[in-house]
Amino acid sequence: MTKTTMDDFLKDNHDAILVAVQARMRGDETMGRVATQREISESDLASQVLGFWLQGIRSDLTLGSTATMAQNMQWLIGFRAGHDLPFDDAMVMSMFDDISDEIDGRLESEALREEYAAYREKVGKLIVDAFPQ
Amino acid sequence: MKLEEYMDHLIAGEDEVCLTVGKERAGDLAGLHGLYVDVIQPSQYRVGELWESGKISVATEHLATATNSYVASNCYAPLARATTGGPKALIACTPEEMHELGPRMLADLLECDGWDVDFYGTSMPARELVGAIRERKPRFVGISAALVMHLGSVKRTITAIRGALGDDTPPIVVGGNAFRGDGELWKQVGADMYAADASAAVEMLRGFKE
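Residues numbered from 1 in each chain as written. Chains lettered and ligands numbered in written order. Predicted model: local features only at pLDDT ≥ 70, side-chain atom pairs only at ≥ 80, totals over all residues.

Considering the overall build of chain A
- Secondary structure assignment for chain A yields 6 helices and 0 strands.
- Listed N to C, the secondary structure of chain A is α-α-α-α-α-α in terms of helices and strands.
- Among the 133 residues that make up chain A, the fraction classed as buried is 29%.
- In chain A, 71% of the contacts between residues at least 6 apart in sequence involve partners at least 24 apart. (Helix = DSSP H or I, 4+ residues; strand = E, 2+ residues; numbered from the N terminus. Buried ≥ 20, exposed ≤ 12 C-beta atoms within 10 Å, placed from the backbone. Contact = placed C-beta atoms within 7 Å.)

Structure representation (structure tokens):
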């Protein structure tokens, strides 16, 4: 039997995770402010942002590192400053926690849960380090 | 003309001015290398940075890319040569990657160097790439990724190629903006080689022609 990997799991569960996290974030004030500023609907913005995150997480778990999210975090800081976007580290961490809770809740293998927990901890640290206090 | 001056024309959408600059620069093959590596590549990076920092719109970013593509294709055309019968090379963007100007420039310079290049453009599915390698039997495969979030896709593609072809897998070279931030990323995706620009890639790959 072929062993399921985090990559397989995220490929197979991408849409379900996206929809579930989008539902969790509905009505989020910061998301609403960013959507208004970007002149797009809140659901379109949530879909774009979550797609971006899920792609980054899957890329990292395929690589077995945090290389993608480390660079994405630097990009996010520059993008926020350049476009004067009203979100902060708390919002970024909250979004990552929502995605991570959703992923963790769907994992059936203890080995995959451990793998994801280790990754989650590293990315959490990246978020803390990336945002100037 | 300095890069910043070229950038001004590029951002303004002055395609004919940009083409004139390109033609002045690319009078011969060495000039085409210089145009691609010293003008078009850095100007594309700069365009990306300007969009990220909110200084230009998405529309301007697209216009600038289209203009650079127009300049590249018009400057390459007079130097293009028949390459049928030359050593085969295969170049593609990784799945989901929609930025093709970089690998297109590599394909152009390889053709000028005598390679018979199959350029597959944007978002080449891994399974199709495996089929193309089996059928076309290239001396090497080039895979490009511009966005860092596509690094995982590059690794999955390379894994699929190696899994399907085993010892018959040709050398795999990777490149593109996604690899710029970390000089070791090409190893993480399982590639055999990395080149920072099209000109360096041509030089590096010359050893695979014989």
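Alright, that's what it looks like, and here's the rest.
Brief notes about helix α1 (residues 3–11) of chain B
All names here are of chain B.
- Of all the residues in α1, the buried ones are Y6, H9 and L10. Take α1 and look down its axis: the buried residues cluster within an arc of 100°, on one side only. Exposed side chains of α1 directed beyond 90 degrees from the buried face belong to E4 and E5.
- Buried residues along α1 sit in contact with α2 (15–25), α3 (29–52) and α4 (58–76).
- Looking at the residues trailing α1, positive phi occurs at G13, about 75°. (Arc of directions from axis to C-beta.)

Some remarks on the domain arrangement of chain B
Residue and element names in this part refer to chain B.
- Segmentation of chain B into domains returns domain 1 (3–79) and domain 2 (88–208).
- The centre of domain 1, based on its C-alpha atoms, is set 23 Å off from the matching centre of domain 2.
- The element that contributes the greatest number of residues to the side of domain 1 that touches domain 2 is α3, accounting for 9 residues. (Domains from an automatic or database assignment.)

Some remarks on the nonpolar core
- Of all hydrophobic cores here, the largest spans 83 residues; its most connected members are B:Y36, B:L106, B:L151, B:I172, B:V173, B:V174 and B:V189.
- With 8 residues, the top contributor of residues to this core is helix α3 (residues 42–63) of chain A.
- Three or more residues apiece are contributed to this core by two domains, here domain 1 (3–79) and domain 2 (88–208) of chain B.
- Apart from residues no more than four positions distant in its own chain, B:Y36 is found in contact with B:Q41, B:A72, B:M105, B:L109, B:A198 and B:S199. (Core = buried A, V, L, I, M, F, W, Y, C linked by C-beta atoms within 7 Å.)

Thoughts on helix α1 (residues 6–25) of chain A
All names here are of chain A.
- In this model α1 runs just 24 Å from its N-terminal to its C-terminal C-alpha over 20 residues, more than 12% under the 28 Å that 1.5 Å per residue would give.
- Remark: the principal bend of α1, roughly 65°, maps to N13.
- Where α1 is concerned, the buried positions are M6, F9, L10, I17, V21 and M25.
- Here the buried face of α1 lies against α2 (29–38), α3, α5 (89–106) and α6 (110–130). (Expected span 1.5 Å × (residues − 1). Bend = angle between axes of the 7 residues up to and from the residue.)

Some thoughts on the interface of chain B and chain A
- Each side of the interface is counted separately: chain B has 14 residues, and chain A has 18 residues.
- Counting only elements with at least two residues in the side of chain B that touches chain A, the list comes to α7 (151–165) and α8 (185–188) of chain B.
- Sorting elements by how many residues they give to the side of chain B that touches chain A places α7(B) first, with 4 residues.
- Class assignment of the residues belonging to the side of chain B that touches chain A gives a composition of 4 nonpolar, 6 polar and 4 charged. (Nonpolar A, V, L, I, M, F, W, Y, C, P; charged D, E, K, R; others polar.)

Re the sheet that holds strand β3 (residues 140–144) of chain B
Residues and elements named next belong to chain B.
- One open sheet accounts for 5 strands, arranged β2-β1-β3-β4-β5; its pairing is parallel. Where the open sheet ends on each side, the last strands, each with one partner, are β2 (116–119) and β5 (193–194).
- Relative to β3, strand β1 (residues 88–93) runs parallel, the two being bridged by 5 bridges. Each bridged residue has a counterpart across the sheet, and for L90 the counterpart in β3 is V141.
- Each of β1, β2, β3 and β4 (172–175) touches helix α5 (residues 101–112); the most contacted strand, β2, lies at about 165° to it. (Pairing = 2+ DSSP bridges. Axes fitted to C-alpha atoms, helices over the stretch in contact; angles between N-to-C directions.)

Focus on the packing of α3(B) against α5(B)
All names here are of chain B.
- As a packed pair, α3 and α5 sit with axes 11 Å apart at the nearest point and diverge in direction by 175°. One element, α3, and the other, α5, form an angle in the roughly antiparallel class. Facing L29, L32, H33, Y36, I40 and Q44 of α3, the residues of α5 in contact are L101, M105, L109 and C112. (Parallel < 35°, antiparallel > 145°, perpendicular 65-115°, else oblique.)

Brief notes about unusual backbone geometry
- Despite not being glycine, A:E39 has its phi angle at roughly 60°, a positive value.
- Following the sequence through the fold, A:E39 ends up in the loop between α2 and α3.
- Exposure remark for A:E39: the 7 C-beta atoms within 10 Å place this residue in the exposed category.
- Its identity is not glycine, yet B:E96 carries a phi of approximately 80°, on the positive side.
- By secondary structure assignment, the location of B:E96 is in the loop between β1 and α5.

Some remarks on the environment of A:G56
- Turning to its location among the elements, A:G56 is positioned in helix α3.
- Of the residues examined, A:G56 has 26 C-beta atoms within 10 Å and is grouped as buried.

Some details on the environment of B:I161
All names here are of chain B.
- Mapped onto the elements of the fold, I161 is located in helix α7.
- Take I161: there are 21 C-beta atoms within 10 Å of it, and that puts it in the buried class.
- Here the alpha-carbon distance between I161 and R46, two residues 115 residues apart in the chain, equals 33 Å.
- Discounting residues that sit within four places of it in the chain, I161 has contacts with L129, V130, I133, T169 and I172.

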